[in-house]
Amino acid sequence: MYRETWLEVDLDAISYNVETIKELCGKKIIAVLKANAYGCGDHPVVQTVVEAGAEMIAVSSLEEALVLRNEGYTGEVLILGATRKEDLPLVMEKGITITVYSATQIEAMKAYDTSTLKVHLKYDTGMNRIGFRSISELKEALKALLDQKVKVEGIFTHFACADSSKEKTDIQFHKFKEAVETLNYPFTWIHCDNSDASVSYFEDVTNACRLGISLYGISAYKKDLKHALSLYTRLFFIKHVPQGESIGYGATYQTKEEEIIGTIPIGYADGLIRENQGRCVYIEGEKAELVGRICMDQSMVRLNKEYEEGTLVEVFGPHLSIEDMADELHTIPYEIMCLISPRVTRRYMKNGKAIQEENMRLEYSSLIGNQNRGE
Ligand SMILES: *Cc1c(COP(=O)(O)O)cnc(C)c1O
């Protein structure tokens, strides 16, 4: 790492969270690692969750599934979103499982030999995103798939309000349960619970749950999981600014007296969006306000005292929770995590020690460079 702005990912916390939820719900674990494991870097997270007992990895697209295969993961992978029909041969070659959600999709598969294709059926019980919309549609789909020799390994639905309404989630769950019982087919994978449902529903019609955000210790209901993520940077420039001067683009902040202003190497291109102006970071036991506009690469912070250059600054982590940050920004932790850009180095911790550092841009560019040199 050359620029000291990094996302710290505690792999032990992730292991703990997988093991804790697995024990609690007693089901198979599908770790949902879409969007590069919610921005954490899928490679180390895959290894960690698999070692901790996850039986399947779910991603959003064929691209993400191929990334896992390129990285050497040979286990079960489920694509939760759409897959194009022309990609079916590649899907089968790579042993990837896809989601089937419509009759037109099944019709389009007829042009292919699908005898080695593995699928999960998606039932839309109220999210209104993708999925079959009734039990009769599901029945027809199952029959058509079996006629085409497709391996129908699973069925699932997705809850819209698992973090907010038990009542609405119950309605969705009962629709799903009825479908599973009516179809009465020996699916290997029956799943509906996302993170929040997995720690508050223990129904027995399903045998797996899909964990995303709770892998990182973030949960609406279960507060004893371990937080795995912290975003850090360091003060690299500190100065005294006389009263009445302005800070940053647009001169949106004026010093009220002589103030000590620090500069940190993190900005909106790292995912620290401009909305963070006026929020606080944490420095050696105290909160310090981000003053002036957040720039693309740097931000300014008003300090309570003269720190040494190089002092650690926590944007979120053990002292400033990502949940509070999300509330203050009127968003959800998911969005904050996914916005941390590839420019930010990921540092992976195990037994309290940094075991690995990754900078996606730097690694990618050296790969391209080596190809260009014909190595
Ligand atoms: C993203 C996603 C999940 C994981 O949700 P969390 O709330 O992060 O646990 C589960 N299932 C589907 C279909 C998803 O798209």
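Note that this is a predicted model, so its numbers are computed, not measured. (Residues numbered from 1 in each chain as written. Predicted model: local features only at pLDDT ≥ 70, side-chain atom pairs only at ≥ 80, totals over all residues. Heavy atoms only, no water.)

So, the pairing of strand S18 (residues 312-316)
Note the cut-off: Residue exposure (1.4 Å probe, protein chains only): buried if accessible area is under 20% of the type maximum, exposed if over 50%, otherwise partly exposed. Each helix is a run of H or I in the DSSP string that is no shorter than four residues. Each strand is a run of E no shorter than two, and both are numbered from the N terminus. Strand pairing is assigned whenever DSSP identifies at least 2 bridges connecting the two strands.
Across the five residues of S18, four count as buried, placing the element largely inside the fold. With four bridges connecting them, strand S10 (residues 229-234) and S18 associate as antiparallel partners. Residue Tyr232 lies in a different strand from S18, and its bridge partner there is Glu314.

Things to note about the domain arrangement of the protein chain
Where we set the bar: Boundary definitions for the domains trace back to an automatic or database domain assignment. Here the quantity called buried area is the total loss of accessible area, with a 1.4 Å probe, experienced by two parts when brought into contact, counted for both. Definition used for salt bridges: Asp or Glu carboxyl oxygen within 4 Å of a side-chain nitrogen of Lys or Arg. As used in this structure description, the phrase polar contact means that two N or O atoms lie within 3.5 Å; if the pair is within protein, one of them must be able to donate a hydrogen and the other to accept it, and residues adjacent in sequence are counted only when both atoms belong to side chains.
If you check the domain split of the protein chain, you get domain 1 (11-216) and domain 2 (229-360). Distance from the C-alpha centre of domain 1 to the C-alpha centre of domain 2: 37 Å. Carbon and sulfur atoms supply 60% of the area that domain 1 and domain 2 bury against each other, a total of about 1,200 Å² over both sides. In this structure, the connection of domain 1 to domain 2 is made through zero salt bridges. In this assembly, domain 1 and domain 2 are joined by four residue pairs in polar contact (both at pLDDT 80 or more). Counting only elements with at least two residues in the side of domain 1 that touches domain 2, the list comes to helix H1 (11-25), helix H2 (34-38) and helix H3 (42-51).

With respect to the nonpolar core
Put simply, the test is: The definition of a nonpolar core used throughout is a set of buried Ala, Val, Leu, Ile, Met, Phe, Trp, Tyr and Cys residues joined through side-chain atoms within 4.5 Å.
In terms of nonpolar packing, the biggest core is built from 107 residues, with Leu33, Val49, Leu121 and Tyr216 touching the most fellow members. Element by element, the count of residues in this core is highest for H1, at six residues. Counting contributing residues per domain, this core is built from domain 1 (11-216) and domain 2 (229-360), each supplying no fewer than three. One finds Val241, Ile247, Tyr253 and Cys295 within the second-largest nonpolar core, a separate group that totals seven residues.

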